[in-house]
Amino acid sequence: MAGNSYEERTHYLGKIWIWTAVIVFLLVPVSICIYYNAWPPFMSVLKGLLGVAPIYWTVGVIEVITFTPMLGTGGTYLAFVTGNLTNLKVPCAINAMEINDVKSGTEEGDIVSTIAVATSSIVTTLIIAVGVILLGTLTPILNSPTLKPAFDNILPALFGALGVVYISKNWKLAVTPMVFMAVLFIAVPSLSGSVGVLVPVGAIISIAVARLLYKKNMI
Amino acid sequence: MNFNPNSSFLYLVAVIVILFILAQSLFFLVRAYKRGKAIGMDAKKLRNTITSSAIFTIAPAVSILLGVLTLSKFLGLPLPWIRLSVIGAITYELPAATSAASALGVSVSENITSPTVYSAIAWVMTLGILPSTVLVPILIRRIQGGLVSIRNRDSKWGDLLITALFMGMISAFMGMVFSNIRKGLSGWIPIFVMLFSAVLMGVCGILIKVLKIKWLQDYALPICMIGAMAFAMVITPVIG
């Protein structure tokens with residue numbers, strides 16, 4: 001039942017949109033199979049899935065649990081359809097809430113987060129569309145050796161600026177998970193391929209530290 | 001039927017998916033904006049949120065476009081275009097495509113010519129990432145309910161919990177930046193870039209708080225990000 005409050009309506013409409021999105025996503029491979037009369041052997045799909053599903057299904061569960069409290073209702077329903085959460089939608093929403101001085105979990109926070117995620121989704125979709133249309137012109141520029149280091153370093157460029165804002169405000173909370181993660185990645189560099197799985201590890205450490213400091217009245 | 005991974009049919013499918021994504025985003029944007037105004041939020045601030053989010057998105061979106069180009073070398077353009085416009089990222093889609101292709105004994109170093117291989121890849125890409133989308137409507141109320149009950153018991157701890165969750169994400173990604181330092185000086189480039197970005201943000205903070213340049217607040221993050229990316233272009237040829 002759709003309730004009357006904004007929050008309840010967001011849940012109701014969000015569910016309609018997200019289940020429709022699931023159908024749209026599934027219709028892509030279905031339409032390819034029907035149009036080309038090319039249904040792949042079930043075992044091949046299963047074998048292919050086994051190569052990625054154990055990690056990505058785990059990451060999927062983790063992302064829903066971790067990001068839902070940050071993104072709020074509208075932002076969550078939209079971000080989990082439009083994707084690119086850690087490298088784009090979550091930082092964008094958090095930054096917008098920070099600028100507007102609103103907290104996630106409040107109606108104002110939900111509104112700002114939804115606006116940020118929606119704008120980001122629209123701009124991303126348009127940039128990719130323009131890129132696809134102008135492929136011939138853009139490919140040599142985007143693949144040029146001069147620009148390559150810029151895009152290779154997009155995550156350090158993003159998390160350096162974002163990190164310093166939060167670390168300076170919550171440095172007591174930040175030190176332990178930061179040191180743990182830095183040491184872990186130095187010791188096992190190959191883990192950088194599964195950073196998504198390590199997000200909850202960082203979160204658990206950080207929550208444990210927060211609880212400890214809170215109980216001791218140190219934050 | 002001859003298979004062309006850049007066929008008009010596949011472009012048509014891509015356009016339909018892209019229009020759906022745009023429609024959903026626009027729907028949520030308009031709805032949130034109207035609600036913001038209705039509860040008395042400053043319309044100018046809401047518009048600034050739109051502008052700053054749009055500017056912040058440009059660099060990461062171009063990076064996603066690079067992912068589309070990478071995948072298009074063997075999958076054609078429409079499928080990567082679809083996959084990277086919806087839930088998913090290059091870090092997932094490339095391993096998914098490689099895994100599906102290798103299950104059928106095909107290499108992803110050249111253009112896919114078999115529709116069966118192509119459809120298998122499309123299935124693996126879709127099914128491998130679907131749980132996060134499906135789980136949202138199932139889990140969202142439970143997660144939010146849990147958070148509300150924590151906040152009701154102790155609102156300060158509720159806020160701290162959210163901050164700690166975010167800190168967990170930041171620590172994982174900032175830690176990852178250190179993963180190549182054993183490769184020598186070139187492995188330090190991401191760390192230098194991260195530090196440069198942090199210093200830029202510090203400078204922006206001073207300009208905003210001390211010199212009261214308020215407009216900068218909305219654009220500090222994209223400015224620092226693009227500044228640090230430019231810095232990477234300068235230092236990589238020197239020490240890379």
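Keep in mind the model is a prediction, meaning the values are calculated, not measured. (Residues numbered from 1 in each chain as written. Chains lettered and ligands numbered in written order. Predicted model: local features only at pLDDT ≥ 70, side-chain atom pairs only at ≥ 80, totals over all residues. Heavy atoms only, no water.)

**Student:** Before we go on, may I ask you to explain the overall build of chain B in this structure?
**Tutor:** Summing up its helical and strand segments, chain B has eight helices and zero strands in all. Listing the helices and strands of chain B from first to last along the sequence gives α-α-α-α-α-α-α-α. For chain B, the C-alpha radius of gyration of 22 Å lies well beyond 18 Å, the compact-globule estimate for 240 residues. Along the three orthogonal principal directions, the C-alpha set of chain B runs to about 65 × 50 × 35 Å. Relative to its 240 residues, chain B shows a buried fraction of 58%. Across chain B, contacts joining residues at least 24 apart in sequence account for 57% of those joining residues at least 6 apart. One way to put it: in chain B the 19 positive side-chain charges average out to a point 6 Å from where the 6 negative ones average out. (Helix = DSSP H or I, 4+ residues; strand = E, 2+ residues; numbered from the N terminus. Rg over C-alpha atoms; globule rule 2.2 N^0.38 Å. Buried < 20%, exposed > 50% of the residue type's maximum accessible area, 1.4 Å probe, protein only. Contact = heavy atoms within 4.5 Å. Lys, Arg positive; Asp, Glu negative; His and termini not counted. Charge placed at Lys NZ, Arg CZ, Asp CG, Glu CD.)

**Student:** It is not clear to me how a nonpolar patch on the surface should be interpreted in this structure. Could you clarify?
**Tutor:** The grouping of Phe42, Met43, Leu46 and Leu50 of chain A at the surface amounts to a nonpolar patch, some 450 Å² of accessible area in total. The topology assignment puts Met43 of chain A in helix H2 (residues 42-82). (Patch = residues over 30% accessible without salt bridge, like charges linked within 9 Å, V, L, I, M, F, W, Y side chains within 5 Å. Areas by Shrake-Rupley, 256 points an atom, 1.4 Å probe, with all protein chains shown as cover. Salt bridge = Lys/Arg side-chain N within 4 Å of Asp/Glu carboxyl O.)

**Student:** Would you mind going over the interface of chain A and chain B with me for this structure?
**Tutor:** When the parts of a complex come together, some accessible area is lost, and that lost area is often taken as the interface size. In this assembly, 144 residues from chain A lie in contact with 136 residues from chain B. With both chains or domains summed, chain A and chain B bury close to 13000 Å², and 79% of this area falls on carbon and sulfur atoms. There are three salt bridges connecting chain A and chain B. Arg141 of chain B is the partner of Glu8 of chain A in a salt bridge, and the nearest nitrogen-oxygen pair spans 3.1 Å. Applying the counting criterion to the chain A and chain B interface returns 22 residue pairs in polar contact (both at pLDDT 80 or more). Ranked by residues supplied to the side of chain A that touches chain B, first place goes to H2 of chain A with 28 residues. Residue composition of the side of chain A that touches chain B, grouped by class: 94 nonpolar, 41 polar and nine charged. (Buried area = accessible area lost by both parts, 1.4 Å probe. Polar contact = N/O pair within 3.5 Å; in protein donor to acceptor, adjacent residues only side chain to side chain. Nonpolar A, V, L, I, M, F, W, Y, C, P; charged D, E, K, R; others polar.)

**Student:** Just checking my understanding: could you explain the nonpolar core for this structure?
**Tutor:** Nonpolar side chains tend to gather and get buried jointly when the protein is soluble and globular. Core analysis: the biggest nonpolar cluster contains 152 residues, and Leu71 and Val90 of chain A together with Leu75, Ile121 and Phe166 of chain B have the highest contact counts within it. Here this core spans two domains, since at least three of its residues come from each of domain 1 (8-140) and domain 2 (176-239) of chain B. By size, the runner-up hydrophobic cluster in this structure holds ten residues, among which are Leu173 and Ala210 of chain A together with Leu161 and Ile162 of chain B. (Core = buried A, V, L, I, M, F, W, Y, C linked by side-chain atoms within 4.5 Å. Domains from an automatic or database assignment.)

**Student:** Any chance you could explain the state of the cysteines here in plain terms?
**Tutor:** What is meant by a disulfide is a covalent connection between two cysteines, made through their sulfur atoms. Inspection of the entire model under this criterion finds zero disulfides over all chains. Note on Cys92 of chain A: no disulfide assigned, nearest cysteine sulfur contributed by Cys224 of chain B at a separation of 15 Å. Judged by its relative accessible area of 2%, Cys92 of chain A falls in the buried class. Here Cys204 of chain B stays unpaired: no disulfide links it, and the sulfur of Cys224 of chain B, its closest cysteine neighbor, is 4.0 Å away. (Disulfide = S-S within 2.5 Å.)

**Student:** Help me out: how do you make sense of the packing of aromatic side chains in this one?
**Tutor:** For any pair of aromatic rings, the description consists of the separation of the ring centres together with the inter-plane angle of the planes. Per the stated rule, a full pass over the model turns up 14 aromatic pairs over all chains. The interplanar angle of 5° and the centroid separation of 4.8 Å between the aromatic rings of Phe159 of chain A and Phe173 of chain B together place this pair among those described as stacked. Residue Phe159 of chain A is located in helix H7 (residues 154-169), and its partner Phe173 of chain B is located in helix H6 (residues 155-176); the two belong to separate chains. Judged by its relative accessible area of 0%, Phe159 of chain A is buried. (Phe/Tyr/Trp six-rings, centres within 6.5 Å; stacked < 30°, edge-to-face > 60°.)

**Student:** What exactly am I supposed to notice about unusual backbone geometry here?
**Tutor:** Leaving glycine out, the prevailing phi sign among residues is negative, and the prevailing peptide bond configuration is trans. The phi dihedral of Asn37 of chain A falls on the positive side, at around 45°, and the residue is not glycine. Within the secondary structure layout, Asn37 of chain A lies in the loop between helix H1 (6-36) and H2. Located in the positive-phi region is Lys212 of chain B, a residue other than glycine, with phi close to 55°. Along the chain, Lys212 of chain B turns up in the loop between helix H7 (189-209) and helix H8 (216-239).

**Student:** So what exactly am I meant to see when it comes to the confidence of the model for chain A here?
**Tutor:** Summarising the model, chain A shows a mean pLDDT of 89, and 98% of its residues fall at 70 or more. Taken element by element, chain A is modelled with least confidence in helix H5 (residues 135-142) of chain A, mean pLDDT 79, and with most confidence in H1 of chain A, mean pLDDT 95. (pLDDT = per-residue confidence, 0-100.)

**Student:** Explain the domain arrangement of chain B to me, please; I cannot follow it from the model alone.
**Tutor:** Residue and element names in this part refer to chain B. According to the domain assignment, chain B contains domain 1 (8-140) and domain 2 (176-239). Put simply, the middle of domain 1 and the middle of domain 2, counted by C-alpha atoms, are 27 Å apart. Domain 1 puts seven residues into the contact, and the matching count from domain 2 is seven residues. Counting the contacts that link domain 1 with domain 2 gives zero salt bridges. The tally of links between domain 1 and domain 2 comes to one residue pair in polar contact (both at pLDDT 80 or more). Taken together, the residues of the side of domain 1 that touches domain 2 break down into four nonpolar, three polar and no charged.

**Student:** Is there a simple way to explain the pattern of salt bridges in this structure?
**Tutor:** Charged atoms that come close allow side chains of opposite charge to pair. Across all of its chains, the model carries six salt bridges over all chains by this definition. Three or more residues joined by partner-sharing salt bridges are found here, namely Lys103 of chain A together with Arg151 and Asp159 of chain B.

**Student:** Just to check I follow, could you spell out the side chain of Thr126 of chain B for this structure?
**Tutor:** Relative to the helices and strands, Thr126 of chain B is located in helix H5 (residues 115-153). Not counting residues within four places of it along the chain, the set of residues in contact with Thr126 of chain B comprises Phe25, Leu26 and Pro29 of chain A together with Arg83 of chain B.

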